[in-house]
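Remarks on the overall topology
Listed below are the residues making up each chain.
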Amino acid sequence: MSKAWNVAVALAVGLLAGFLIGAGLMARNPDGEGSAAAAATASAAVPGAIGAEDVSGPYQVVEGWPKDLSTLPGHEQWTYGGARGIFAESPNRVYLLGGGELPNIPRPRARQLPDIGPSVQFPIGGLPWRNANQATPPGGGGSGQDPAKGMELWRGGSPPYRELGVDARWEHCLIVVDAQGTIIEEWTQWDKIFKRPHAVYVSPYDSEKHVWVVDDHTHAIYKFTNDGKQLVQTIGTPSVSGADGTHFNRPTFIAWIPDGSFYVSDGYNGTRVAKFDKDGKFLMDFGMAGESGKETRPGYMNNVHGVAVDVETRRVFVNDRDNHRVQIFDESGKYLSEWKIAVSPSSLHFVQIGADRTLVTFDRNTHKMLKYDLDGRLLYAWGTVGDFPGTVWGVHGLSTDQEGNLYVAEVDSGRFQKFSPRPGANPAYLIGKPVYSAWQ
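Quick look at the structure, then.

The rules we used
- Residues numbered from 1 in each chain as written.
- Predicted model: local features only at pLDDT ≥ 70, side-chain atom pairs only at ≥ 80, totals over all residues.
- Heavy atoms only, no water.
- Pairing = 2+ DSSP bridges.
- Helix = DSSP H or I, 4+ residues; strand = E, 2+ residues; numbered from the N terminus.
- Axes fitted to C-alpha atoms, helices over the stretch in contact; angles between N-to-C directions.
- Phe/Tyr/Trp six-rings, centres within 6.5 Å; stacked < 30°, edge-to-face > 60°.
- Buried < 20%, exposed > 50% of the residue type's maximum accessible area, 1.4 Å probe, protein only.
- Lys NZ or Arg CZ within 6 Å of the ring centre and 35° of its normal.

**Things to note about the sheet that holds strand β30 (residues 415-421)**
Spatially, four strands are ordered β1-β30-β29-β28 in an open sheet, and the strand pairing comes out antiparallel. Unpaired on one side and paired on the other, β1 (59-61) and β28 (395-400) mark the two borders of the sheet. Taken pair by pair, the neighbouring strands of this sheet meet at an average axis angle of 30°, ignoring direction. Bridge count for β28 against strand β29 (residues 406-410) is five bridges, and the pairing is antiparallel. Paired with Gly397 across the two strands is Ala409, which belongs to β29.

Structure below.
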């Protein structure tokens, strides 16, 4: 048949199919409301849910998880500081990483603040009232700041100065909780080596399940036995910055590939990604210092605040945070492509790729949990700022477990939360389960 005839037949078939589908929708609702309803439910986390707002997207919060630090004897007057990292080894073993303890005080009553200006009242109803990240020691957490001045910055530049033991306590940086949120292990013996613990992991390719902690203020990564009794390796030179095989400049996150090698995003002050073999031997690095906030050149970075690996292609996704983009490299550091974050300004806290080969992140400026395909197309977003369970403020760490539960560490709220999938939730909107290899 001629090309024109083929086009005509295809057009006729398309029109007939469209008519039949439309007729079916009209038969269900002659006013056309059926088609509108179908379109509306298609974008909901739970199709057909009545009165839903998708506050926590396809998840429902598990209230009362975890138990507060105030439930521990001798800690009745204290609660979690800035919550920076979280990792679910299993539903019954979850690591919580934070910045010590803050006073456990109730929300203050709203009052006028005439010293600031007329008609100014604080706190604002319905919104969080204390920024745990700012209240938690040390200071000097931002891009380009000096860790050596961290405690000086936290104490403040003028009286009344903050005091450790009064305004914060450097205890319980790393604990382990079970499925009910009960604290089952306290790794307080390691508080003394941490300065600003940033992320916690168990490698999916390590059958011994060592626990890794990245500390950006000590410029080091610490590797512990699974029970926390032994420190078996330190990568980097504690409290000495640099950019070579034995030094970091405020490292932030880790991502592994199947042979056990791993990439380190380095970091708040560094401008590179470093690669190590499974034993922690330095292999290579890539990345150059860019012009913060303006950089468009491939491979130039500012505040390298996240790294993730697509294990199928071994592409390395790098969160070039201050330049509001995700850069993509091959496993040897060759630049491949990138995608910009369309919101201005944006501030991504991490990048993470699960077994479903989608990329998940959180934007601290829009307060949205974001799920993209690996070309940067938005698949779903959720997130609401508030002072009630299920809202999110400053998600800095994220993990999922074998059952599909989601765990977040909120550095600004100073809390950890657990979410379970909502009944009937669209599985495409859920955050992917972890990649497992040596253990499950």
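**What to know about the packing of aromatic side chains**
To describe a pair of aromatic rings, you give the distance between the ring centres and the angle between the ring planes. Scanning the model with the defined rule gives 21 aromatic pairs in all. With a centroid separation of 5.4 Å and an interplanar angle of 75°, the aromatic rings of Trp212 and Trp256 are classed as edge-to-face. In this pair, Trp212 sits in strand β11 (residues 211-215) while Trp256 sits in strand β14 (residues 251-256), placing the two residues 44 residues apart along the sequence. For the pair Trp212 and Trp256, one class covers both residues: buried. Ring centres 5.4 Å apart and planes at 15° place the aromatic pair Phe262 and Phe276 in the stacked group. Of this pair, Phe262 sits in strand β15 (residues 262-266) while Phe276 sits in strand β16 (residues 272-276), and the two are 14 residues apart along the sequence. Given the relative accessible area of 0%, Phe262 is considered buried. On the basis of relative accessibility, which here comes to 0%, the residue Phe276 falls in the buried class. Feature note: the residues Tyr201, Trp212, Phe248, Trp256, Phe262, Phe276 and Phe282 constitute an aromatic cluster, connected by ring pairs. In this structure, Arg297 packs its charged tip against the face of Tyr300, placed 3.7 Å from the ring centre.

**A look at unusual backbone geometry**
Of note, the bond from Trp65 into Pro66 is cis; its omega dihedral lies within 30 degrees of zero at -10°. Positive phi, normally seen in glycine, also occurs at His219, with a value near 60°. In this structure, His219 sits in the loop between β11 and β12 (220-224). The class of His219 is buried, set by a relative accessible area of 5%. Despite not being glycine, Ser239 has its phi angle at roughly 70°, a positive value. By the element assignment, Ser239 lies in the loop between β13 (231-235) and β14.

All quantities given are derived from atomic positions and should not be read as evidence of function.
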